[in-house]
Amino acid sequence: MKNTLRIVLLTILFAACDKPLPPPPVVKNPEMHYVDFGNKSIAFGGYLRADLDNDAHFDLSFTTMILGDPITQSDRKQYLLNFGLDTYNPVNAEEKTPVLAKGAVISDNAFSGYNWYNASQIMLSQKVITATSERWEGDWKNADHQYIALCILKNNSRHYGWVEISFNTETAKLTVHRSGVSKTPEKPVLAGS
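Quantities reported herein were computed from a predicted structural model and do not represent experimental measurements.

### Brief notes about the nonpolar core
1) Next: The biggest cluster of nonpolar side chains holds 27 residues, and the ones touching the most others in it are L52, L60, F62, V163 and I165.
2) Next: Where this core is concerned, the elements lending two or more residues are β1 (32-43), β2 (48-50), β3 (60-69), β4 (74-83), β8 (121-129), β10 (146-154), β11 (157-168) and β12 (173-182).
3) Next: Each residue touching I165, except ones within four places of it in the same chain, is listed here: F62, L124, W140, A143, D144, H145, Q146, I148, L174, T175, V176 and H177.
4) Next: Residues Y88, Y160, W162 and V189 belong to the second largest nonpolar core, which totals 13 residues.

Given below as structure tokens:
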């Protein structure tokens with residue numbers, strides 16, 4: 001009798017383990033405010049400032065800068081992303097932001113190993129030039145319609161959003177395609193949606 005009871009309990013236990021896990025919750029974008037940048041290309045020396053939520057305040061800017069390094073005898077032509085005081089983005093210990101694909105969830109806890117910072121500056125890509133060589137570096141150097149996560153703080157509430165960009169190392173141009181920011185605070189959004 002004890003063995004029969006054990007077998008029945010083990011059968012029930014194993015049957016319970018075979019049940020499929022429930023699907024993850026579906027994230028549906030809240031109403032969004034979109035900005036179409038018309039595939040604005042930024043060559044070295046150029047810049048773009050953007051108001052993403054139509055409140056007459058600049059939320060971010062794309063800029064370039066050259067740094068000379070006398071120790072390595074190299075120059076670095078950097079393509080930078082700068083965030084305003086009320087605009088946050090996820091940044092890790094190496095001062096990088098994640099490269100997102102379309103459909104990635106953007107929320108407060110979506111990026112393990114990253115913290116949300118405002119007024120940050122991120123180096124997207126850079127061309128390192130020495131007397132004998134040139135090379136491209138940076139997580140965004142091969143971006144092709146990839147997404148930058150962000151959130152804008154309004155009335156102490158976060159409005160999540162994204163910016164879609166591409167980068168072409170052959171033409172040395174950063175292209176800004178479009179952006180979207182949630183009109184509803186504290187709601188996760190999907191990159192590119």
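From this point, things continue past the structure.
### With respect to the sheet that holds strand β9 (residues 134-137)
1) Next: In space, the five strands of this open sheet follow the order β2-β3-β4-β8-β9, with antiparallel pairing throughout. The open sheet has two free edges, formed respectively by β2 and β9, since each of these has just one partner strand. Along the sheet, successive strands turn relative to each other by an average axial angle of 25°, direction set aside.

### Topic: the pattern of salt bridges
1) Next: All chains considered together, the criterion is met by eight salt bridges.
2) Next: Across the pair E31 and K183 runs a salt bridge whose closest N-O atoms are separated by 3.2 Å. You can see E31 sitting in the loop between α1 (2-17) and β1 and its partner K183 sitting in the loop between β12 and β13 (189-190), a full 152 residues away along the chain.
3) Next: The closest approach of N and O atoms between E137 and R76, which form a salt bridge, is 3.8 Å. Of this pair, E137 sits in strand β9 while R76 sits in strand β4, and the two are 61 residues apart along the sequence.
4) Next: The network of salt bridges with shared partners includes R76, R135 and E137.

### Here we look at the sheet that holds β11
1) Next: The sheet built from six strands is open, its strands ordered β1-β12-β11-β10-β5-β7 with antiparallel pairing. Each of the sheet's edge strands pairs with one partner strand only, and the pair in question is β1 and β7 (115-118). Strand-to-strand twist of the sheet, defined as the mean angle between neighbouring strand axes without regard to direction, takes the value 30°.
2) Next: Two elements, strand β5 (residues 87-91) and β10, share two bridges in a ladder whose sense is antiparallel. Within β10, the position partnered with Y88 by the bridge is C151.

Calculation criteria
- Residues numbered from 1 in each chain as written.
- Predicted model: local features only at pLDDT ≥ 70, side-chain atom pairs only at ≥ 80, totals over all residues.
- Heavy atoms only, no water.
- Core = buried A, V, L, I, M, F, W, Y, C linked by side-chain atoms within 4.5 Å.
- Buried < 20%, exposed > 50% of the residue type's maximum accessible area, 1.4 Å probe, protein only.
- Helix = DSSP H or I, 4+ residues; strand = E, 2+ residues; numbered from the N terminus.
- Contact = heavy atoms within 4.5 Å.
- Pairing = 2+ DSSP bridges.
- Axes fitted to C-alpha atoms, helices over the stretch in contact; angles between N-to-C directions.
- Salt bridge = Lys/Arg side-chain N within 4 Å of Asp/Glu carboxyl O.

Nothing here speaks to function; it is geometry throughout.
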